[in-house]
Amino acid sequence: MNVADSQRVGSALERLGYAFTGTAEEADVIVLNTCVVRQSAEDKAYGRLSSLKPLKRRKPGLVVNLMGCLVGIRDNEKLRARFPYVDVFSPPSDPGPLMAFLTQGEAQALESTRTTHISAALDGELVLPEHERGSLVSAHVPVVLGCSHACTFCIIPSRRGGERSRHLGDIAAEVRSLVAQGVKEVTLLGQIVDRYGRDIPGGPGLADLLRLLSQVEGLERIRFLTSHPNYFTQELMDAVAALDKVMPHIEIPIQAGDDAILKAMRRGYTQADYRRIVEQIRKHLPGSSIATDIIVGFPGETQAQFQRTYDLLAELRLDVAHLARYSTRPGTVAERRIPDDVPDEEKWRRFRLLEELQESIAGEINARYLGETVQVLFEENVRGRWRGRTPTNKLVFVESDENLRGVLRQVRVTWTGPWSMQAALPGKAPALLMQELIPLQT
Ligand code: SF4
């Protein structure tokens, strides 16, 4: 979501005549777009912000804009007091205050921060920033902003506001405009993307949106994330199965494998519900890949409860598990009501156990691709190798002198690891010692 938000800010700045620079020292405007989903992300944002202070002192005309979840949707007096060298504070997804500051001055920017929650820039077509126009292959398109759920560990609803779906026509216009600028794949984004349209009376659903976007000429692939076990409906599954452009990769977090922890998290489903959804996905979308999210060390999580998460992950054998150690987020229900009582070293221990387990599962799943021919959409050249993804979102590297950017190709897999694969173009022998190249983790 932040990548998409940053693109919009870049685009809005270019419309005012600004251009990207390679370094902070050269910049007239610095936008720091922040994430606070975990303590580590927040610490990083504060660290980066502090590092800008000497620069601002040397260059008083520099405009520093703090944006995103660190700011949140309400005016944040504490932040203003703590970082007086920040000129503009912008809520997530909203370039409005920065634009107001640059064109109308400080008072207007302050007013804009206090009154706008939804970005006007999200309602029109998106012109990509110049350095991405014609070269960006895969773009992120927010379709649902905010979230109206209240998972007890989660800070997102208070920072990004309640759920708001964008209009179908605006999304379609944006996707068409992205395709005209060279984009081949879009990933539709929402905290619970399956809930797209539910806040619009009589509104379309995600399946309708997928059907509409499938008709966009020149668009090769559509992905969407993140799904929720309670909203991944049969209709949606049928749409994914029926629409060739919609990729068979489902991101559907479980967060914990123990029912008492799931209840304390207020996730609204049980371990058995999640298991059923995975079965349904595998039945209706055979060959699809599934990714999940898991938090270890949620307050009160016992060894036995953690073991249930471990056992479930071992049983379900999902393609990807995004793992996180629980950290208290100020303003959440968990912060107010449940003491963070799992020691840090224990969180790390549980994290590493799941990490090792998932590494071996992913390694085994990916090994099945060895020798297979898969379709890859190539995105960019990384240190001499072309990088792309299979329909199931597996990362593939290919050595080639051809310009493969934006090209869809059938390739033969020659090496697999837990995090990536290597492949050869048809008719080409795999490069010598390819197996010894170290795969890059996503
Ligand atoms: S569904 Fe829960 S975890 Fe996801 S954004 Fe909403 S509150 Fe946060």
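Residues numbered from 1 in each chain as written. Predicted model: local features only at pLDDT ≥ 70, side-chain atom pairs only at ≥ 80, totals over all residues. Heavy atoms only, no water.

Can you help me understand the sheet that holds strand S10 (residues 289-296) in this one?
Note on sheets: strands pair through backbone hydrogen bonds, and any given pair is parallel or antiparallel. Ordered in space as S9-S10-S11, the 3 strands form an open sheet in which the pairing is parallel. Every other strand in the sheet has two partners, leaving strand S9 (249-251) and strand S11 (320-325) as the edge strands with one partner each. For this sheet, the mean inter-axis angle between neighbouring strands, taken without regard to orientation, is 15°. Pairing analysis gives 6 bridges linking S10 to S11, with the strands arranged parallel. Looking across to S11, one finds that Asp293 is bridged to His322. (Pairing = 2+ DSSP bridges. Helix = DSSP H or I, 4+ residues; strand = E, 2+ residues; numbered from the N terminus. Axes fitted to C-alpha atoms, helices over the stretch in contact; angles between N-to-C directions.)

It is not clear to me how the site of the ligand should be interpreted in this structure. Could you clarify?
Cys147, His149, Cys151, Phe153, Cys154, Ile156, Pro157, Gln191, Ile192 and Arg267 make up every residue found near the ligand. When the residues that make up the shell around the ligand are grouped by side-chain class, the tally is 7 nonpolar, 2 polar and 1 charged. (Near = heavy atom within 4 Å. Nonpolar A, V, L, I, M, F, W, Y, C, P; charged D, E, K, R; others polar.)

Sorry, what's going on with the sheet that holds strand S3 (residues 88-90) here?
The strand order S1-S2-S3 describes an open sheet built from 3 strands, whose pairing is parallel. Every interior strand has two partners, whereas the edge strands, strand S1 (29-34) and S3, have only one. With strand direction ignored, the average angle separating the axes of adjacent strands in the sheet is 20°. Relative to strand S2 (residues 63-68), S1 is paired through 6 bridges, and the arrangement is parallel. The partner of Val31 across the bridge, within S2, is Asn65. Relative to S1, helix H1 (residues 2-15) is tilted by about 160°, and along the sheet it contacts S1 and S2. (Contact = heavy atoms within 4.5 Å.)

I'm lost on the packing of helix H12 (residues 271-284) against helix H13 (residues 303-316) in this one. Help?
Two numbers describe a pair of packed helices, the interaxial angle and the distance between the axes. Two numbers describe how H12 lies on H13: the axes approach to 12 Å, and their chain directions differ by 10°. Here H12 is positioned roughly parallel relative to H13, judged by the angle of their axes. Residues Gln271, Tyr274, Arg275, Val278 and Arg282 of H12 form the contact with H13, whose participating residues are Arg308, Leu312, Glu315 and Leu316. Partitioned by chemical class, the residues of the contact of H12 with H13 number 4 nonpolar, 1 polar and 4 charged. (Parallel < 35°, antiparallel > 145°, perpendicular 65-115°, else oblique.)

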